[in-house]
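Structural description and commentary
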Amino acid sequence: MKFSFVFLLVLALSATAGEKKKYGKPLTLKEKTPISVILSQPEKFDGKRVQVEGTVVGVCAKQGCWIKIAEGKDSASIRFKVEDGVIVFPTSLKGKQVVAEGIVSVKTQSKEELIQHVEKHAKEEGTTFDSSAVTGPQTTIQLQGEGVVVVR
């Protein structure tokens, strides 16, 4: 009797060990778009659904409502943002390889809007921000997040 319970427990654990952790909606696109291409041609992708792959280099520590994904160690990253509470990303995702899908959003913010935006994110990340570093309007590019799969 004990043997069959242990066997079933081991079988159940091994079946779930190979499953990939998923957040949000299932991924639907078949092709990935390099983050570097999106960042270099944002107007081409604005409002379009894309799938990207990369390493999580940042996670919202306050509410888990965004992650930053980079293609490589020293490459630029893109923010993958969801509405607060829709998906909650654990900080343990940092360093994990993910495939993510969402809608590209390109917005130009005035100097004042940008200062408010960056101050808010600095507070969320527990970093400091010098508003004198902002010299004018800036365009921000992010993914309005839909779904993420942790691949390793």
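Now for a description of the structure that goes with this document. (Residues numbered from 1 in each chain as written. Predicted model: local features only at pLDDT ≥ 70, side-chain atom pairs only at ≥ 80, totals over all residues. Heavy atoms only, no water.)

Section: the environment of A122
Checked against the element boundaries, A122 lands in helix 4 (residues 111-125). Once residues within four sequence positions are removed from consideration, A122 is found in contact with T127, T128 and F129. (Helix = DSSP H or I, 4+ residues; strand = E, 2+ residues; numbered from the N terminus. Contact = heavy atoms within 4.5 Å.)

Details of the side chain of S105
With respect to the helices and strands, S105 occurs in strand 5 (residues 97-109). Given the relative accessible area of 12%, S105 is considered buried. Residues within four places of S105 in sequence aside, it is in contact with D46, T140, I141, Q142 and Q144. (Buried < 20%, exposed > 50% of the residue type's maximum accessible area, 1.4 Å probe, protein only.)

Quick word on the pattern of salt bridges
Enumeration over the complete set of coordinates arrives at two salt bridges. In this structure, the salt-bridge partner of R49 is E146, at a minimum N-O distance of 2.8 Å. One end of the pair, R49, is in strand 2 (residues 49-59); the other, E146, is in strand 6 (residues 138-150), with 97 residues separating them in the sequence. Classification of R49 as partly exposed rests on a relative accessible area of 41%. Notably, a salt bridge pairs D84 with K81, separated by 3.2 Å at the nearest N-O pair. (Salt bridge = Lys/Arg side-chain N within 4 Å of Asp/Glu carboxyl O.)

Re the nonpolar core
I67, F80 and F89 are the most contacted members of the largest nonpolar core, which has 26 residues in total. Secondary-structure elements contributing two or more residues to this core are helix 2 (35-40), strand 2, strand 3 (66-70), strand 4 (77-81), strand 5 and strand 6. (Core = buried A, V, L, I, M, F, W, Y, C linked by side-chain atoms within 4.5 Å.)

Section: helix 4
Look at helix 4: 21 Å from first C-alpha to last across 15 residues, which is about the 21 Å you get at 1.5 Å a residue. L114, I115, H121, A122 and E124 are the residues of helix 4 that are buried. Along its buried surface, helix 4 packs onto strand 3, strand 4, strand 5 and strand 6. Looking at the residues trailing helix 4, positive phi occurs at G126, about 75°. (Expected span 1.5 Å × (residues − 1).)

A short note on the packing of aromatic side chains
Inspection of every chain in the model, using the stated rule, returns two aromatic pairs. A centroid spacing of 5.5 Å and a plane angle of 55° characterise the contact between Y23 and F89, whose relative ring orientation is tilted. Residue Y23 is located in strand 1 (residues 22-24), and its partner F89 is located in the loop between strand 4 and strand 5; the two are separated by 66 residues in the primary sequence. For the pair F80 and F89, a centre-to-centre distance of 6.0 Å together with 70° between the ring planes defines the contact as edge-to-face. Take F80 and F89: they sit in the same class, and that class is buried. Chaining the aromatic ring pairs together yields one cluster made of Y23, F80 and F89. When the ring centre of Y23 is taken as reference, the NZ or CZ atom of K21 above it lies at 5.3 Å. Against the face of W66 rests R79, its NZ or CZ located 4.0 Å from the ring centre. (Phe/Tyr/Trp six-rings, centres within 6.5 Å; stacked < 30°, edge-to-face > 60°. Lys NZ or Arg CZ within 6 Å of the ring centre and 35° of its normal.)

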